[in-house]
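Tertiary structure, described
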Amino acid sequence: MNRTRVFTAAVVLGVLTTVGIAGCAPEPSQEENITAACDALESLRTTIDDASTDLQEASTVGEVRDIRDRVVAAYDTADAALDAVASDRADAVQEAGEAFTDALGDVDDETDISDARDGLVEEAKSFQDARAAALADLSCE
């Protein structure tokens with residue numbers, strides 16, 4: 001089970017590095033969060049596959065617990081990455097919605113209707129685009 005210890009050490013090192021960098025780095029972009037989510041989901045898939053194999057070879061309860069801990073760590077990483085993606089998408093919809101409602105409220109009584117309508121149509125399109133992006137599936141390669 002040497003492979004198990006190496007993998008666990010790599011996961012712990014990765015988490016510690018991520019936590020350390022997160023304190024100093026700017027907020028990741030939506031694209032970076034999607035990439036991180038895809039990577040974390042792939043890591044979870046690999047971890048579960050490895051765990052299935054390792055469980056067949058486990059000869060002690062301690063080894064089974066190590067396998068469980070690896071899967072839980074990979075799941076927690078994937079869960080946090082997916083939360084970041086969901087938060088990005090929710091923020092984008094909220095910002096677009098606020099821009100649209102602000103634009104509706106900013107229409108002056110003296111504004112020409114065609115000018116008001118054109119601006120509002122663009123804001124509505126941006127709002128709809130943000131909504132559609134929030135609903136879109138992740139495109140992991």
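Provided above is the structure to which this section pertains.
Report follows, based on the coordinates.

The rules behind these values
Residues numbered from 1 in each chain as written. Predicted model: local features only at pLDDT ≥ 70, side-chain atom pairs only at ≥ 80, totals over all residues. Heavy atoms only, no water. Phe/Tyr/Trp six-rings, centres within 6.5 Å; stacked < 30°, edge-to-face > 60°. Helix = DSSP H or I, 4+ residues; strand = E, 2+ residues; numbered from the N terminus. Buried < 20%, exposed > 50% of the residue type's maximum accessible area, 1.4 Å probe, protein only. Core = buried A, V, L, I, M, F, W, Y, C linked by side-chain atoms within 4.5 Å. Contact = heavy atoms within 4.5 Å. Patch = residues over 30% accessible without salt bridge, like charges linked within 9 Å, V, L, I, M, F, W, Y side chains within 5 Å. Areas by Shrake-Rupley, 256 points an atom, 1.4 Å probe, with all protein chains shown as cover. Salt bridge = Lys/Arg side-chain N within 4 Å of Asp/Glu carboxyl O. Lys, Arg positive; Asp, Glu negative; His and termini not counted. Charge placed at Lys NZ, Arg CZ, Asp CG, Glu CD.

**Considerations on the packing of aromatic side chains**
Taken as a whole, this structure holds 1 aromatic pair when the rule is applied. With centroids separated by 5.9 Å and ring planes inclined at 40°, the aromatic side chains of Phe100 and Phe127 adopt a geometry described as tilted. Taken as a pair, Phe100 in helix α3 (residues 61-105) and Phe127 in helix α4 (residues 113-135) lie far apart in primary sequence, 27 residues in all. A relative accessible area of 28% means that Phe127 is categorised as partly exposed.

**Structural notes on the nonpolar core**
In this structure, Ala37, Ala40, Leu44, Ala74, Ala78, Ala81 and Val85 together form the largest nonpolar core, which totals 7 residues. Excluding residues within four positions of it along the chain, Ala78 makes contact with Ala40, Leu41 and Leu44.

**A look at a negative patch on the surface**
A contiguous patch of negative charge on the surface is contributed by Asp91, Glu95, Glu98, Asp102 and Asp106. In this fold, Asp106 is placed in the loop between α3 and α4. With relative accessibility at 62%, the residue Asp106 sits in the exposed group.

**Topic: the environment of Leu44**
Positionally, Leu44 belongs in helix α2 (residues 30-57). Sequence-wise, Leu44 and Tyr75 are 31 residues apart; in three dimensions their C-alpha atoms are separated by 6.1 Å. For Leu44, the contacting residues outside a window of four places in its chain are Val71, Ala74, Tyr75 and Ala78.

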